[in-house]
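Coordinate inspection notes
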Amino acid sequence: SNQKVSLELMNRKVFVTAVNNIANLKPNQTATIKLGSKKLPVYDDFDSGAEDFTIVNNPKDSFVSAKVFGTGYSRPDTEQLGYGGLKALAFVNNAVNSGIGIVSAQYGFPLLYDLLVGTISLKLHPSDRTHNWGRML
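All values derive from a computational prediction rather than experimental measurement.

Attention now moves to the nonpolar core. Formed by Ala88, Phe91, Val92, Ala95, Tyr107, Leu111, Leu115, Ile120, Leu122 and Trp133, the largest nonpolar core amounts to ten residues. Counting only elements with at least two residues in this core, the list comes to helix H5 (85–98) and helix H6 (109–117). At four residues, the largest contribution of residues to this core is made by H5.

Further remarks concern the pattern of salt bridges. Tallying each qualifying case throughout the model produces one salt bridge. For the salt bridge of glutamate 8 with arginine 12, the shortest nitrogen-to-oxygen distance reads 2.8 Å. Of this pair, glutamate 8 and arginine 12 both sit in helix H1 (residues 7–20), four residues apart, roughly one helical turn. The exposed category is assigned to glutamate 8, whose relative accessible area is 51%.

Another aspect to go through is the environment of histidine 125. Tracing the sequence through the fold places histidine 125 in the loop between H6 and helix H7 (130–136). On the basis of relative accessibility, which here comes to 47%, the residue histidine 125 falls in the partly exposed class. Considering only alpha carbons, one finds histidine 125 and alanine 88, 37 residues apart in sequence, at a separation of 9.8 Å.

Cut-offs applied
Residues numbered from 1 in each chain as written. Predicted model: local features only at pLDDT ≥ 70, side-chain atom pairs only at ≥ 80, totals over all residues. Heavy atoms only, no water. Core = buried A, V, L, I, M, F, W, Y, C linked by side-chain atoms within 4.5 Å. Buried < 20%, exposed > 50% of the residue type's maximum accessible area, 1.4 Å probe, protein only. Helix = DSSP H or I, 4+ residues; strand = E, 2+ residues; numbered from the N terminus. Salt bridge = Lys/Arg side-chain N within 4 Å of Asp/Glu carboxyl O.

Structural data, given as structure tokens:
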């Protein structure tokens, strides 16, 4: 049959043949093997396009989270959490009563993510860790 051997197999054969022939080399003699290679694809320069200012002037409604979760997510204010105490307890109660849903804009995945990584300062007790609140919710 007229099948073409893959470039990888051809290169392996050349390499194994060269290794087997090392014993036949004279002292101070070297061997050169020629391996085949594929032509690399040409890629356009990534940085040569138009300037991208979306991070500066992109409104909340066009964020990816807004497209996935329906509305833009914004982190709870520190005044809403109050660094603990009654405000933080009220926030936890509201989250539990409204239901934590992955696609919820207010109590969904973005909030859980912020709690897990510690970017929100939700603490009922001074020794609380936000990661634990994210795991519980």
